[in-house]
Amino acid sequence: FSALAEQVTQPLIYPLPPASPCYSGPLANVSTECLTALENQSNGTWRANQPGSMQFPNYEGYTFPNGTISACYMDPSRTFPCEQGSVPVIGVDAHTPSDIQAAVQFAAAHNLRLVVKNTGHDYLGRSTARGSFLVWTHNMKVISYNQSFVPQGAPSTEQYDAITVEAGVQWKEAYNVAQAHGRMMMGGTAAGGSVGAAGGWFARGGYCLLSPHYGLGVDNAVQATIVISSGDHLTVNAYSHPDLWWALRGGGGGTYGVITSVTYRTHPIVPLIAAFFSANMSTRAVGKKVVTEFIRTLPALVDSGWSGHGYIAQSTTFAFWYLLPNTTSAQANASIDPFFSFARNLSSEGLVVQTAYTAPYGSFYEWYLEQYGTDGDDGGSTEVGSRLLPREALNDYDAAADAFLDGDVNWIHAGGAISEVDPEAMGLNPSWRKALVHAVVGTGWSAESTSTQIDGNITNMLQRLANISALAPDAGCYFNEATLYEANPQWTFFGSHYNKLKAIKKHYDPDDLFVVAEGVGSDEWDVQLKCRKGA
């Protein structure tokens, strides 16, 4: 490690659990550092800035086979000691690709458990591992705009109005640069814009709320750079290492190497109309009526261009916010008002419509700042699962409404430009190209929850996921919003592409330096990803 420290541009880092300042010394629980941690524990941006923090703290702890837990709880009144859990013990604070090359070669030479982290937005905990060596890319923040970008090896006539983001860039930063140049990008949405723009979000598909109009992140990417297990720093695109380019677009982050940058095409800024709806369903009967009608109209809404996000909570709250770009208020209202009117007409039956209106915005950026510009909404222990439901899965409105109501489902629109791409054009799960809706179920728990309570929450979530899955038994899921409890993970996450993805991985990472939970090649390792099966 002393020799490694002389090869990299920054001192080696020794990550600690984010709550650790609250356990150091007799006055720890009132120290400035502890109070800062307590005040910011649900701030996604703050958590992203800590090398030892995940966005979901259940992945910071470690449960031994006998059920005991090593963790550091964000509650200094507890009598438990603060332990390292699954937080990496040492790492490289990468500021340049050469830092990453040195770290990767070091990990390979010493057979270390290597993990890669930018922000830690990962529902499967792939950014961390117990006893691991961390490559922290968060401080690689260079963003460049090129109005006539030509991918390496491409003919000079193949040009893109593009932005290149390094591995540590977050979407709020990328959006700001795009806006400054009068352009728009397709990226992630989270409170405060804390999701990374060039890591797992991209490599596992990359959904944006306007993806039905402009495609997924992988559809908008034109080039990437990556450090592979040999330490080589490669430029990959349709002309350079096209097999790896195929695999990177959907084959999973932290699997083929450490991505150092991604170049995305940009789009002209256009105005949009946003629709907002929320209602309280006072009885199951009225809830079933309004959700059934919504399911019936959903395909038409997608076909007319509406995209966005909706959810049902505790079988009583039903809400969505939708976007329709480059249209007029009259056109938008013509397609959404029939549902608004239907819902309002159920008031006598117990549906309390709280919000039902449309509003114009000058751009997606303006809407994004209003809805997601404030930090927050992370820092809770979470488990999610999802399914990419094709159009025919919603043909039985009654069954679909029951599944959505009983499942407390969140959903986003697919279809449109997403479905227009050849499923074989890249390694992404082919289920994306047939999907009309991406449906998500989830659960969470507090630090005070017992293991029995946590197991009960997860069991309940898996049952709700099974109800959604019954609508389309062969459907896959979005690998960025997935659960560790899938019965057939290779098919669910990668579909028919798995064998090809695995062959490409063996070519570029023959020794499996890069192994993550449920990632390509992980089926050859034990559950903890510490030993090869049969070794």
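Up top you'll find the structure we're talking about.
Residues numbered from 1 in each chain as written. Predicted model: local features only at pLDDT ≥ 70, side-chain atom pairs only at ≥ 80, totals over all residues. Heavy atoms only, no water.

Novice: Residue-level account of the side chain of Glu158, with values.
Specialist: With respect to the helices and strands, the residue Glu158 is situated in the loop between strand S6 (143–149) and strand S7 (160–166). Of the side chains bearing the opposite charge, Arg265 lies closest to the buried Glu158, which forms no salt bridge; the N-O distance is 7.2 Å. Not counting the four nearest positions on each side in its chain, Glu158 is found in contact with Phe149, Val150, Pro151 and Tyr239. (Helix = DSSP H or I, 4+ residues; strand = E, 2+ residues; numbered from the N terminus. Buried < 20%, exposed > 50% of the residue type's maximum accessible area, 1.4 Å probe, protein only. Lys, Arg positive; Asp, Glu negative; His and termini not counted. Salt bridge = Lys/Arg side-chain N within 4 Å of Asp/Glu carboxyl O. Contact = heavy atoms within 4.5 Å.)

Novice: Account for the sheet that holds strand S10 (residues 233–236), naming residues and giving values.
Specialist: Spatial ordering of the open sheet is given by S6-S7-S11-S9-S10, a layout of five strands whose pairing is antiparallel. Of all strands in the sheet, those with a lone pairing partner are S6 and S10, marking the two edges. For this sheet, the mean inter-axis angle between neighbouring strands, taken without regard to orientation, is 20 degrees. As defined by bridge partners, S6 adjoins S7 across five bridges and the pair is classed as antiparallel. Within S7, the position partnered with Tyr145 by the bridge is Ile163. (Pairing = 2+ DSSP bridges. Axes fitted to C-alpha atoms, helices over the stretch in contact; angles between N-to-C directions.)

Novice: Describe the packing of helix H5 (residues 171–180) against helix H12 (residues 364–372), and please don't skip the residues or the numbers.
Specialist: Any two packed helices are characterised by the angle at which their axes cross and by the distance between the axes. Relative orientation of the contacting elements H5 and H12 amounts to 145 degrees, with a least axis distance of 11 Å. Seen along the crossing, H5 lies across H12 with a hand that is left-handed. Taken together, the residues of H12 that come into contact with H5 (itself represented by Lys172, Tyr175, Asn176 and Gln179) are Phe364, Tyr365 and Tyr368. Considered class by class, the residues forming the contact of H5 with H12 number four nonpolar, two polar and one charged. (Left-handed = near helix turned anticlockwise from the far one by under 90°. Nonpolar A, V, L, I, M, F, W, Y, C, P; charged D, E, K, R; others polar.)

Novice: Give a detailed account of helix H11 (residues 329–344), specifying residues and quantitative values.
Specialist: Its axis deflected by about 45 degrees at Ile336, H11 carries its strongest bend there, up to four residues before the proline Pro338. Residues Ala332, Ile336, Phe339, Phe340 and Ala343 constitute the buried set of H11. Those residues of H11 that are buried lie in contact with strand S13 (272–281), helix H10 (284–303), strand S15 (317–325) and strand S16 (351–361). (Bend = angle between axes of the 7 residues up to and from the residue.)

Novice: Residues and numbers for the sheet that holds strand S4 (residues 114–117), please.
Specialist: Pairing in this open sheet of three strands is parallel, and the strands run S3-S5-S4 from one edge to the other. The sheet is open, and its two borders are formed by strand S3 (90–93) and S4, each paired with just one other strand. Each strand of the sheet is rotated relative to its neighbour by a mean of 20 degrees, with strand direction disregarded. The pairing of S4 with strand S5 (residues 133–136) spans four bridges and is classified as parallel. Bridging across to S5, Val116 finds its partner in Val135.

Novice: Residue-level account of the pairing of strand S17 (residues 381–390), with values.
Specialist: Most of S17 sits inside the fold, with 10 of its 10 residues counted as buried. Burial along S17 is two-sided: Ser381, Glu383, Gly385, Arg387 and Leu389 and Thr382, Val384, Ser386, Leu388 and Pro390, pointing in opposite directions, are all buried.

Novice: Lay out the packing of H10 against helix H13 (residues 397–407) with the relevant residues and their values.
Specialist: Remark: H10 packs on H13, axes separated minimally by 8 Å, with the N-to-C direction vectors making an angle of 120 degrees. One element, H10, and the other, H13, form an angle in the oblique class. Between H10 and H13 lies a crossing whose hand is right-handed. Facing H10, whose interface residues are Arg284, Gly287, Lys288, Val291, Thr292, Ile295 and Arg296, H13 presents Tyr397, Asp398, Ala400, Ala401, Asp402, Phe404, Leu405 and Asp406. Looking at side-chain class alone, the contact of H10 with H13 contains seven nonpolar, two polar and six charged residues. (Parallel < 35°, antiparallel > 145°, perpendicular 65-115°, else oblique.)

Novice: An account of the pattern of salt bridges is needed here, citing residue identities and associated values.
Specialist: Inspection of every chain in the model, using the stated rule, returns 21 salt bridges. Notably, a salt bridge pairs Arg387 with Glu486, separated by 2.8 Å at the nearest N-O pair. Of the two residues, Arg387 is situated in strand S17 and Glu486 in the loop between helix H15 (451–469) and helix H16 (489–494); the sequence distance between them amounts to 99 residues. Here Arg387 falls in the buried class, since its relative accessible area comes to 8%. Arg532 is the partner of Asp512 in a salt bridge, and the nearest nitrogen-oxygen pair spans 3.3 Å. You can see Asp512 sitting in the segment after helix H17 (498–508) and its partner Arg532 sitting in the segment after H17, a full 20 residues away along the chain. Each of Lys502, Lys505, Lys506, Asp509, Asp512, Asp523, Glu524 and Arg532 takes part in one network of salt bridges that share partners.

Novice: I'd like a description of the state of the cysteines, backed by residues and values.
Specialist: Using the criterion set out here, one finds two disulfides in the structure. Residue pairing for Cys22: its cysteine sulfur links by disulfide to Cys34, the two sulfurs lying 2.0 Å apart. Between Cys22 and Cys34 the sulfur-sulfur dihedral comes to about 100 degrees; the bridge is accordingly right-handed. Of this pair, Cys22 sits in the loop between helix H1 (2–5) and helix H2 (32–40) while Cys34 is found in helix H2, placing the two residues 12 residues apart along the sequence. Cys22 gets classed as buried once you look at its relative accessible area, which sits at 6%. Here Cys72 connects covalently by a disulfide to Cys82, the sulfurs 2.1 Å from one another. Disulfide Cys72-Cys82: the torsion about the S-S bond is -105 degrees, which places it as left-handed. In this pair, Cys72 sits in the loop between strand S2 (69–70) and S3 while Cys82 sits in the loop between S2 and S3, placing the two residues 10 residues apart along the sequence. Exposure remark for Cys82: the relative accessible area of 28% places this residue in the partly exposed category. When the bonded cysteines of the chain are numbered from the N-terminus onward, they pair as 1-2, 3-4. With no disulfide of its own, Cys208 has Cys477 as its nearest cysteine by sulfur position, at a separation of 20 Å. For Cys208, a relative accessible area of 1% puts it in the buried group. (Disulfide = S-S within 2.5 Å.)

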